[in-house]
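Summary of structural features
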Amino acid sequence: MAEINLVEAVNRALAYEMAHDQSVVLLGEDIGVNGGVFRATIGLQQRFGSERVIDTPIAETAIAGAAIGMAAMGLKPIVEIQFSGFIYPAIDHIINHASRLRHRTRGRLSCPMVLRSPCGAGIHAPEHHSESPEALFAHMPGLRVIVPSSPSRAYGLLLAAIRDPDPVIFLEPTRLYRLFKQEVMDNGEALPLDVCFTLCEGNDVTLVSWGAMLHETQAAAHGLAQQGILAEVIDVATLKPLDMKTILDSVAKTGRCVIVHEAARTAGYGAEIAANLAEQGLYSLVAPVQRVTGYDVVVPLAKLEYQYMPNVDRIVSAVKTTLEAA
Amino acid sequence: MAEINLVEAVNRALAYEMAHDQSVVLLGEDIGVNGGVFRATIGLQQRFGSERVIDTPIAETAIAGAAIGMAAMGLKPIVEIQFSGFIYPAIDHIINHASRLRHRTRGRLSCPMVLRSPCGAGIHAPEHHSESPEALFAHMPGLRVIVPSSPSRAYGLLLAAIRDPDPVIFLEPTRLYRLFKQEVMDNGEALPLDVCFTLCEGNDVTLVSWGAMLHETQAAAHGLAQQGILAEVIDVATLKPLDMKTILDSVAKTGRCVIVHEAARTAGYGAEIAANLAEQGLYSLVAPVQRVTGYDVVVPLAKLEYQYMPNVDRIVSAVKTTLEAA
Amino acid sequence: MDVVATFRVEYTQFLNPQGDASKSLPEFARDPEALLPLYRAMVRTRLFDAKAITLQRTGNLGTFASSLGQEAIGVGVASAIREEDVLLPYYRDHAAQFLRGVTIVECLLYWGGDERGSDFSGPRRDFPNCVPIGNQVCHAVGVAYAFKLRREARVAVCIIGDGGTSKGDFYEAMNLAGVWRAPVVFVINNNQWAISAPRTIQTAAQTLAQKAIAAGIEGRQVDGNDVIAVRHVIQEAVEKARTGDGPTLIEAISYRLGDHTTADDATRYRDPDVVRQQWALEPIARLRNYLVRANAWGKEQEDRLLLESSETINQAVDAYLATPAPVTEAMFDHLYAQLPDAMREQRATALRFAPTIGERDG
Amino acid sequence: MDVVATFRVEYTQFLNPQGDASKSLPEFARDPEALLPLYRAMVRTRLFDAKAITLQRTGNLGTFASSLGQEAIGVGVASAIREEDVLLPYYRDHAAQFLRGVTIVECLLYWGGDERGSDFSGPRRDFPNCVPIGNQVCHAVGVAYAFKLRREARVAVCIIGDGGTSKGDFYEAMNLAGVWRAPVVFVINNNQWAISAPRTIQTAAQTLAQKAIAAGIEGRQVDGNDVIAVRHVIQEAVEKARTGDGPTLIEAISYRLGDHTTADDATRYRDPDVVRQQWALEPIARLRNYLVRANAWGKEQEDRLLLESSETINQAVDAYLATPAPVTEAMFDHLYAQLPDAMREQRATALRFAPTIGERDG
Ligand SMILES: Cc1ncc(C[n+]2csc(CCOP(=O)(O)OP(=O)(O)O)c2C)c(N)n1
Ligand SMILES: Cc1ncc(C[n+]2csc(CCOP(=O)(O)OP(=O)(O)O)c2C)c(N)n1
Ligand SMILES: [Mg+2]
Ligand SMILES: [Mg+2]
């Protein structure tokens, strides 16, 4: 069983499903001959042909719109948006059509598509290449929103996303693409799309995160463990629909919760989780919830991106605060 | 002093500022000869000319983009998007440019523009005419987001928005356009953009809302008052930046909070307020926070839109729940 | 300076405004009898539009967009394509939808604020009305790509308004279709108005057909009030697409004789005299004059058609008015193939607090 | 069928690839001496590009987009417009920016990941590089509208790549400019590649200039490797715009001789032989040949130019490398004219937890 990184896991999942389902087609910019700017689709055009792995013009609006037309006709289009900063021209079609085609036709037509896009900062990319837009999509009825945090979860969740009969937004943290490898069985086994994953158990505090930030969150958990503080770490993975039960059960046990995400704080997805705690977990909370997030600023260029992103110190300090409280 | 409704108040504010500031220009679809589909700009083209009140082609992307170019050159463009369901093609320019032009040029250029759009359901409009997208914009760094709930606040807040040196998203609830009138002095006095408005005081529970839903919220407060339950009603008005202090002070007094908004629940702006309570107001809370919101579904067509929107019964019931709690 | 490229835009008309054949008619139109279905369809649509407006005025229908004066476009398009082709209409295309098999009741349900109106019978793969201007043009290219990929001899046909040609979607999609040589036909209903915006506010281009040149595809202009010309030009474009020769843009020139919708009052922004002049060009009288002169139509047939059509429409209206409003939980149905557990509680809340469902007037 | 509209696209070239004048030169180019500034600017840009790539390779610069082979476009554009005009560049336009007064240090700071690079001296009203493809075209139309409204004799000039012409922004903006007769010039740097996508997968249109026809504005093609032709055509378009005669689209045909950016490896998707052939068309040797034959340039001047330019560049590089990184709080500066109180706490948190700022390599 091979050790592969996250971008390779994405590639394997795409290859597996294309081999097993003729209706799967890929479209996006530079995904063919070039294999994608991150090489997520490398080898796929050679293997499945340029009719199923389509290099498109630079037209995110039409790419998303065309994918909807394909999906309505029974294909399973997988769109790659080259960077999440360029996803915005596609939003109109995602919210006004993809997310509601089934609903507005009472099930007569549907839209089984996946929109993949790299996301997040930390690779010294140019302007507009470091966005974390998950909260925007999580607010849109009719969508599923997924952010994987490891090669194995990327593989299993992407397979599930492709097989899901409804539109799925799949955001891949660029910082994790090559950060670490994992043994991943290329056996076509999908992961469930409606559960959070508890990565390690602990009774002192619940750490909730997703995507690249799980890396810092787990590092913080390790550091805390040295000091005898046992954190339970939860990977939300599927932001929408949200498996709040796993989080509530954990907080019922720990009484404390720190939510970590890279996106800007205000109206970020951490707010939704914290709000649910205030509604359904209030009596479990022995300390105020803490959100450790990106600041409400434009993601700075490379020189300051690590000043922008939450780091281990911030997470540890937030945990300490919750422990001192009450 | 004349009694005017909300859409008239918008019209007055626009007229006042155009008369006093030559750099203000309006652009949008059908805003000239036709005075806007809701008549918000009626009479303005006749009065200020077609060079300053511009009927544009149907091109929301270019309208938003052109406004940014105008603003960078010292004009103060006010864009009207005909309905909020058609705001999405403008999002790319709002988040990638309007919200960060000042930041990315270190203040060399700036973007003093206002993007106005009707929002919300309840007028039996066709598909895509009943959206409440405020949370999407509230998540974007560098913006201000305002939703007025009365003629006088619409007048004062719009003036403030136009005079603000940075981009402002101004969402006008269509249901309120003609729902009621108020005495509004057309004296050019702006309201502050960084405070919530406490509409009525009470010690039993804090009701937080904005836009059209304040109408139901206040009706609920009235009903509760009959039963001896005194609710404090807060109009957030400016969602971003958020004046959390007013809300926290109120909850410190009441110990209970119900947040009401029309937009879909998940990752709606109510989550941000509830999250702040879980972080900064936990010890004040004697009962779980309640969010009374639109459901996580596509806003249904006219036949079911009132089944979708929060109503007085739901608000009252949520208040009762918080009162029974603990 | 050397010229590196030249282009031209052609215009097609068979029947002039008086209903005289300005040139020899295409094959399908040689026998006047063959034109009767087109005539009947246009008349039925016009009667329906009048009825729908009355329903709206009396509080029995929501905002409605009439096709008054543009019936030849929808009828010409729908009569030129096959059942297995896919139509991607915008909100002013019920003339075409009716010919495709969408029922009057379904159309009324949609405009009455009931999603079930878009779950229409007949063309199960046709798209629902596209309300956001221009989006359907992108969808059409994807639909066409699916046909091409599966080697199906099917064509996607979408319709857009003159105002819609200002939208990025329109250009991106045409350009993409050109690159893909997708089997798609783009039809512009140039009714010369976009709500209050005259055609001249939309673009400095002298024709809308020439916008095809930007995508490297063929663009043609046709008299949109001449149903024979519309059907002929569409048929050529559809067969061209079907045989793998790529997309075509067709600008059908007509005129919006009515208000934009029932929510609009056109007298606010346009001269009634101009509208009156445009009545001289409208498609129904034009074809009737031709048919009458060809002895294929007369007062008796006309009276019967009006009577029968009105009856059909009235029966449909009764059925529509008798249709119970959707149930509250319907807003949770079909959101996803299966409702996520996370949403069950919301559904229960909706059922618990739902106000009694409004009557037709909402 | 009657023809209702015809169009043509013209192509301009003065110097052929060998550097011979294929026709009599425009006024400004009659005196070879007058061409030396253009030549020097192109050479300096090429030396800069080479240096910037080295800096990136050695970890002293972020991803960088070289203009190798396309220097004549930026230099031709910038030399044809006035200080008070406004340039809206994309990310491959430092050739133009340098002539406008943007310093090498500012350019390096930007690509080094420091916003201060966009707070450039010289053309204070010029826009910063536009990274999202096509957006700048919309901004340019707004800029031009402001000039027109205020009766200022200024012109907005934006540049976009061939790939950018597939984007809705490009079409919507051109169309809007046509309607407004806005004083704007749209320049396409057709370097025939969009990362790995050849010009042919962007559009089925035989030229990019013809896309202007969709907007009803003039579209012209020019040899983008002939700086004289570029400057001439731009100058005509700019003066036309300045005198109120509206927008122009200019397709400048060149070739991307280098990788897309330092993050790209073009050997993955294109034939090196084709690139080698394209070197025979590049703009600098072409103009040098002309100048040498005109006895306006020789080895001695060439050597001095290379030497002086390298020195200038090296000094700038030293200054860039010596520039301290921005302070952490900078990310809160200029977000709004005044930082909202609600954000003070976040700023404090940032200062408290900021890791020590990385070296140039981040
Ligand atoms: C993206 C978008 N912007 C604005 C609107 C509001 N709107 C509805 S119809 C219309 C005019 C459309 O004119 P045209 O395309 O000519 O079609 P017509 O109604 O004349 O048939 C507008 C602006 C919309 N539906 N979608
Ligand atoms: C909207 C958008 N989509 C995708 C990208 C990613 N991207 C950066 S450069 C590029 C190719 C641009 O090609 P072209 O317009 O020809 O300009 P060139 O780089 O060749 O000068 C792409 C797709 C982007 N920057 N913006
Ligand atoms: Mg029209
Ligand atoms: Mg290019």
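Residues numbered from 1 in each chain as written. Chains lettered and ligands numbered in written order. Predicted model: local features only at pLDDT ≥ 70, side-chain atom pairs only at ≥ 80, totals over all residues. Heavy atoms only, no water.

Let's talk about the overall build of chain A
- The helix and strand inventory of chain A stands at 13 helices and 14 strands.
- What you see for chain A is a C-alpha radius of gyration of 19 Å, in line with the 20 Å of a compact globule of 326 residues.
- The dimensions of chain A, computed from C-alpha atoms along their principal axes, are 60 × 40 × 40 Å.
- By sequence separation, contacts in chain A at least 24 residues apart represent 82% of the contacts at least 6 residues apart.
- A total of about 7,900 Å² of accessible surface is found on chain A, and carbon and sulfur atoms cover 50% of it.
- Charge centroids of chain A, computed over 26 positive and 35 negative side chains, lie 3 Å from each other. (Helix = DSSP H or I, 4+ residues; strand = E, 2+ residues; numbered from the N terminus. Rg over C-alpha atoms; globule rule 2.2 N^0.38 Å. Contact = heavy atoms within 4.5 Å. Areas by Shrake-Rupley, 256 points an atom, 1.4 Å probe, with all protein chains shown as cover. Lys, Arg positive; Asp, Glu negative; His and termini not counted. Charge placed at Lys NZ, Arg CZ, Asp CG, Glu CD.)

Here we look at the site of ligand 1
- Residues in close proximity to ligand 1 total 21 residues, the closest being Glu60(B), Tyr90(C), Tyr91(C), Asp162(C) and Trp193(C).
- Surrounding ligand 1 are residues belonging to chains B and C, so the site spans chains.
- Interatomic distance of 2.7 Å between a side-chain N/O atom of Glu60(B) and a nitrogen atom of ligand 1.
- One of the side-chain N or O atoms of Tyr90(C) is found 2.6 Å from an oxygen atom in ligand 1.
- With the chains in place, 97% of the 580 Å² that ligand 1 exposes on its own is no longer accessible. (Near = heavy atom within 4 Å. Polar contact = N/O pair within 3.5 Å; in protein donor to acceptor, adjacent residues only side chain to side chain.)

Structural notes on the interface of chain D and chain C
- Between chain D and chain C, the contact holds 37 residues from the first and 37 residues from the second.
- In this assembly, chain D packs against chain C so that about 3,100 Å² is buried in total across both faces, 56% of it on carbon and sulfur atoms.
- Viewed at the interface, chain C and chain D are joined by zero salt bridges.
- Mapped by element, the contributors of at least two residues to the side of chain D that touches chain C are β1 (2-12), α6 (168-180), α7 (199-202) and β7 (218-223) of chain D. (Buried area = accessible area lost by both parts, 1.4 Å probe. Salt bridge = Lys/Arg side-chain N within 4 Å of Asp/Glu carboxyl O.)

Focus on the site of ligand 2
- The full set close to ligand 2 counts 21 residues, and Glu60(A), Tyr90(D), Tyr91(D), Asp162(D) and Trp193(D) are the nearest of them.
- Here Ile133(D) contributes a backbone N or O atom positioned 3.0 Å from a nitrogen atom of ligand 2.
- Between ligand 2 and Trp193(D), the relevant distance is 2.7 Å, taken from an oxygen atom to a main-chain nitrogen or oxygen of the residue.
- A total of 580 Å² of accessible area belongs to ligand 2 in isolation, and the protein chains cover 97% of it.

Some words on the coordination of the magnesium ion (ligand 3)
- Each protein donor to the magnesium ion (ligand 3) is listed here as Asp162(C) (OD), Asn191(C) (OD1) and Trp193(C) (O); together their distances run 2.0 Å.
- Classification of Asp162(C) as buried rests on a relative accessible area of 2%. (Donors = N, O, S within 2.8 Å, 3.2 Å for Na, K, Ca; no water. Buried < 20%, exposed > 50% of the residue type's maximum accessible area, 1.4 Å probe, protein only.)

Concerning the pattern of salt bridges
Residue and element names in this part refer to chain C.
- By the definition in use, this model includes 82 salt bridges over all chains.
- Across the pair aspartate 85 and arginine 242 runs a salt bridge, and its minimum N-O distance is 2.6 Å. With a gap of 157 residues between them, aspartate 85 in the loop between α2 (71-80) and β2 (86-88) and arginine 242 in helix α8 (residues 227-242) connect regions that are remote in the sequence. The burial state of aspartate 85 is the same as that of arginine 242; both residues are buried.
- Note that aspartate 169 is salt-bridged to lysine 167, the shortest N-O span being 3.1 Å. Considered together, aspartate 169 and lysine 167 belong to a single accessibility category, that of buried residues.
- Sharing partners across several salt bridges, the network here consists of Arg82, Glu84, Asp85, Glu239 and Arg242.

Looking at the relation of the copies chain B and chain A
- With an RMSD of 0.0 Å, the operation that places chain B on chain A is a rotation of 180° combined with a shift of 0.0 Å along the axis. Taken together, the rotation angle and the small translation identify this as a two-fold axis.
- Here 100% of the interface residues in chain B have copies in chain A that are interface residues too; the copies meet face to matching face. (Least-squares fit on C-alpha atoms with pLDDT ≥ 70 in both.)

Quick look at the relation of the copies chain D and chain C
- With an RMSD of 0.0 Å, the operation that places chain D on chain C is a rotation of 180° combined with a shift of 0.0 Å along the axis.
- Comparing interface residues between copies, 100% of those in chain D also lie at the interface in chain C; the contact surface is shared.

A closer look at the sheet that holds strand β6 (residues 144-146) of chain A
All names here are of chain A.
- What the seven strands build is an open sheet, ordered β3-β2-β4-β5-β7-β6-β12; its pairing is mixed. Strands at the two margins of the open sheet, each flanked by one partner only, are β3 (53-55) and β12 (238-240). When the angles between neighbouring strand axes are averaged without regard to direction, this sheet yields 20°.
- In terms of strand pairing, β6 meets strand β7 (residues 168-173) through three bridges, oriented parallel. Directly across from isoleucine 146, in β7, lies its bridge partner phenylalanine 170. (Pairing = 2+ DSSP bridges. Axes fitted to C-alpha atoms, helices over the stretch in contact; angles between N-to-C directions.)

Details of the packing of helix α11 (residues 269-280) of chain A against helix α11 (residues 269-280) of chain B
- Running from amino to carboxyl end, α11(A) crosses α11(B) at an angle of 60°, the nearest separation of the two axes being 7 Å. In terms of axis orientation, α11(A) runs oblique to α11(B). Crossing of α11(A) over α11(B) shows left-handed handedness. Judged by residue contacts, Ala271(A), Glu272(A), Ala274(A), Ala275(A) and Ala278(A) of α11(A) engage Ala271(B), Glu272(B), Ala274(B), Ala275(B) and Ala278(B) from α11(B). (Parallel < 35°, antiparallel > 145°, perpendicular 65-115°, else oblique. Left-handed = near helix turned anticlockwise from the far one by under 90°.)

So, the interface of chain B and chain A
- Across the boundary between the two partners, chain B contributes 50 residues, which contact 50 residues of chain A.
- Buried surface at the junction of chain B and chain A, both sides included, amounts to about 4,300 Å², of which 59% is carbon and sulfur.
- When the buried area of chain B at its contact with chain A is split by residue, His139(B), Glu279(B) and Val298(B) rank highest and sum to 16% of it.
- Linking chain B to chain A there are ten salt bridges.
- Salt-bridge contacts for Glu279(A) lead to Arg265(B); the nearest nitrogen and oxygen are separated by 2.6 Å.
- At the level of elements, α4 (88-98), α5 (101-104), α6 (134-138), β13 (257-264), α11 and β14 (290-294) of chain B are the ones that each hand at least two residues to the side of chain B that touches chain A.
- When the residues that make up the side of chain B that touches chain A are grouped by side-chain class, the tally is 28 nonpolar, eleven polar and eleven charged. (Nonpolar A, V, L, I, M, F, W, Y, C, P; charged D, E, K, R; others polar.)

A look at the packing of aromatic side chains
- Across all of its chains, the model carries 31 aromatic pairs over all chains by this definition.
- Taking 5.0 Å as the distance between ring centres and 85° as the angle between the ring planes, the aromatic pair formed by Phe48(C) and Phe98(C) counts as edge-to-face. Of this pair, Phe48(C) sits in helix α1 (residues 36-57) while Phe98(C) sits in helix α3 (residues 94-100), placing them 50 residues apart in sequence. When sorted by exposure, Phe48(C) lands in the same class as Phe98(C), which is buried.
- Look at Phe64(D) and Trp111(D): their rings are 5.5 Å apart centre to centre, the planes differ by 75°, and that puts the pair in the edge-to-face class. Here Trp111(D) lies in helix α4 (residues 104-111) and Phe64(D) lies in the loop between α1 (36-57) and α2 (71-80), a separation of 47 residues in the sequence.
- Looking at Trp111(D), the relative accessible area reads 9%, which means it is buried. (Phe/Tyr/Trp six-rings, centres within 6.5 Å; stacked < 30°, edge-to-face > 60°.)

Details of the pairing of strand β7 (residues 218-223) of chain C
Residue and element names in this part refer to chain C.
- Of all six residues making up β7, five are buried, and the element is well covered by its neighbours.
- Summarising the sheet, β7 and strand β8 (residues 248-253) pair through six bridges and their orientation is parallel. Bridged to glutamine 221 within β8 is glutamate 251.
- Between β7 and its parallel partner β8, the chain crosses via α8, and the hand of that crossover is right-handed. (Right-handed = clockwise from strand over helix to strand, strands pointing away.)

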